[in-house]
Amino acid sequence: MKVLVVGGGGREHAMAWALARSAQVSEVLVAPGNAGTAGEAKVRNVGIGAEDIPALAQLAREHEVAFTVVGPEAPLVAGIVDTFREAGLQCLGPTAAAAELEGSKAFAKGFMSRHGIPTAAYETFDDLEQARDYICQARAPLVVKADGLASGKGVEIAETLDHALLAAERMLSGEAFGEAGQRIVVEECLRGEELSFIAVVDGETVVSMASSQDHKPRDDGDRGPNTGGMGAYSPAPLMDEALHERVMREVLQPTVAGLAAEGRPYKGFLYAGLMIDEDGNPRVLEFNCRLGDPEAQPLLLRLCTDFAELCEAALEGRLQALDLAWEARPAVGVVMAAAGYPGAVERGRVIRGLAGPECEGVKVFHGGTALAADGAVVTNGGRVLCCCALGDSVTAAQRRAYERVAAIDWEGAFYRSDIAHHAIRREQQAGG
């Protein structure tokens, strides 16, 4: 069968690669794809943008695609699943109504409040004077969030009230994130350790994927501006069985049940970004209505279950009968970014060091890449590559991932040097 992956980033490269490994799949179409997907066996790029929903539906129809998997959030929020369903096409992801859980942070906070899902205290504003009054009476630190989609970058962690006021002004004026910031959420700043909890949902059954943890700040030591993610690893040692059961009981299951009760039944991948405090209590930072990026890359490197079968089971309401199998070895993924990220970046820099076969358990997933006219792979975005590796320990996986990073270069490339530091500290403590 043929399948279609919508998107052109690192997550979509990982999904296309995983689908192409299935014996059931004859060809994976990727729209629009990148230089990495262009080089995968059984994978073909198609020059259609991820938000050109009518053209994507026509593509799926013409090629008799068995099902479509949507990577990025924007087409989901715009209603790609609704359009495909109306055309009689299978498309894995939430409807536009269910995807509002990610599309509007104000909706998500109100939803969590209605259904008793633990999260930070908050207020929502579309008026700058009201936001200023609230911030001036609050206690720092605060978190200021653009309500709409901002490619994972619409969050400011303000250590001072002046910083919070400036963030609110930049968002509500449209300077920072355009329409996405026309409404903002101001909330208490939760302290602890972040954790990514990703599940697959078929409308009723919730099946968790392996645990993972990403690194949002740009710089070593979890400092610097927020990004879409500078690296990730799986599994996350912080997620033990007791915490897993608690997150399922207090967060995932009430979320899926609550959406169904509000007439927004959920199918697809559901991502809860969590903060775990020093007492082990989970609270939700955000919801995403798709696989995380860069979490998808190490997760799919570890997934032993046929990814095409997993997607079909979710579409057909058969998840209850499916047991997910995972590679026992942990995986670490390190993002290599272009100079200027998460701000404006230069494109078209030639990337060196990609040629040749990979070692076992090592995979470079492309995010912001393209093929130049002469066939060279060039940069075409902020997060350019994610170098992933399996290892017998997190420490070993990290070492292998950074060995691969060291062999790749382009003008202006940078990366964090401490991805997976939380897990490695725990390994050292356990071994010491």
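One can find the structure itself at the top, above this paragraph.
Here is a short report on the structure shown in this document. (Residues numbered from 1 in each chain as written. Predicted model: local features only at pLDDT ≥ 70, side-chain atom pairs only at ≥ 80, totals over all residues. Heavy atoms only, no water.)

### Focus: the overall build of the protein chain
Inference 1: Helix and strand content of the protein chain: 14 helices and 22 strands.
Inference 2: Overall size of the protein chain, expressed as C-alpha extent along the three principal axes, is 60 × 50 × 45 Å.
Inference 3: Within the protein chain, the fraction of its 432 residues that count as buried is 57%.
Inference 4: Across the protein chain, every contact between residues at least 6 apart in sequence was considered, and the portion connecting residues at least 24 apart equals 67%.
Inference 5: When the accessible surface of the protein chain is split by element, carbon and sulfur atoms take 47% of a total near 16,900 Å². (Helix = DSSP H or I, 4+ residues; strand = E, 2+ residues; numbered from the N terminus. Buried < 20%, exposed > 50% of the residue type's maximum accessible area, 1.4 Å probe, protein only. Contact = heavy atoms within 4.5 Å. Areas by Shrake-Rupley, 256 points an atom, 1.4 Å probe, with all protein chains shown as cover.)

### Side note on the side chain of His215
Inference 1: Here His215 lies in the loop between strand S12 (213–214) and strand S13 (217–219).
Inference 2: Since its relative accessible area comes to 1%, His215 is described here as buried.
Inference 3: Within polar-contact distance, the side chain of His215 engages the backbone nitrogen of Ala420 at 3.0 Å.
Inference 4: Once residues lying within four places of it in the same chain are set aside, the contact partners of His215 are Asp222, Thr227, Gly229, Met230, Gly231, Tyr233, Arg416, Asp418, Ile419, Ala420 and His421. (Polar contact = N/O pair within 3.5 Å; in protein donor to acceptor, adjacent residues only side chain to side chain.)

### Some remarks on the environment of Glu312
Inference 1: When you line up the elements, Glu312 lands in helix H12 (residues 307–315).
Inference 2: Residue class for Glu312 comes out buried when judged on its relative accessible area of 15%.
Inference 3: Along the primary structure Glu312 and Gly181 are separated by 131 residues, whereas in three dimensions their C-alpha atoms are 36 Å apart.
Inference 4: With residues up to four places along the chain from it excluded, the contact list for Glu312 reads Met1, Gln24, Phe67 and Arg318.

### Observations concerning the sheet that holds strand S5 (residues 91–92)
Inference 1: Taken in spatial order, the five strands make up an open sheet running S3-S2-S1-S4-S5, and their pairing is parallel. Two strands bound the open sheet, and with one partner strand each, they are strand S3 (43–45) and S5.
Inference 2: As defined by bridge partners, strand S1 (residues 2–7) adjoins strand S4 (residues 67–70) across four bridges and the pair is classed as parallel. Paired with Val5 across the two strands is Val69, which belongs to S4. (Pairing = 2+ DSSP bridges.)

### Here we look at unusual backbone geometry
Inference 1: Geometrically, the link from Ala31 to Pro32 is a cis peptide bond, its omega value of 0° lying close to zero.
Inference 2: On the secondary structure map, Pro32 appears in strand S2 (residues 27–32).
Inference 3: Backbone torsion omega between Ala140 and Pro141 reads 0°, so that peptide bond is classified as cis.
Inference 4: Mapping Pro141 onto the fold places it in the loop between helix H8 (128–137) and strand S7 (142–146).
Inference 5: Of note, Lys42 is a non-glycine position whose phi angle comes to about 70°, a positive value.
Inference 6: Tracing the backbone shows Lys42 in the loop between helix H2 (35–38) and S3.
Inference 7: Judged by its relative accessible area of 35%, Lys42 falls in the partly exposed class.
Inference 8: For Asp222, which is not glycine, the phi torsion reads 55° and is therefore positive.

### Comments concerning the packing of helix H13 (residues 394–406) against helix H14 (residues 421–431)
Inference 1: Where H13 meets H14, the closest approach of the two axes is 9 Å, and the angle between their N-to-C directions is 135°. Taken as axis vectors, H13 and H14 run oblique relative to one another. For the pair formed by H13 and H14, the contact residues are Val394, Thr395 and Gln398 on the first element and Ala423, Ile424 and Glu427 on the second.
Inference 2: Considering only residue class, the contact of H13 with H14 consists of three nonpolar, two polar and one charged. (Axes fitted to C-alpha atoms, helices over the stretch in contact; angles between N-to-C directions. Parallel < 35°, antiparallel > 145°, perpendicular 65-115°, else oblique. Nonpolar A, V, L, I, M, F, W, Y, C, P; charged D, E, K, R; others polar.)

### Notes on the sheet that holds strand S6 (residues 122–125)
Two pairing modes exist for strands in a sheet, parallel and antiparallel, and in both the strands are linked by backbone hydrogen bonds.
Inference 1: Across the sheet, which stays open at both edges, the four strands sit in the order S6-S9-S7-S8 with antiparallel pairing between neighbours. The open sheet has two edge strands with one neighbour each: S6 and strand S8 (155–158). Neighbouring strand axes in the sheet, compared pairwise and without regard to direction, differ in orientation by 20° on average.
Inference 2: Pairing geometry for S7 and S8, over four bridges, is antiparallel. Residue pairing in the sheet places Lys145 in a bridge with Val155 of S8.
Inference 3: Contacts from H8 reach S6, S7 and strand S9 (184–188), with the element oriented near 155° to S6.

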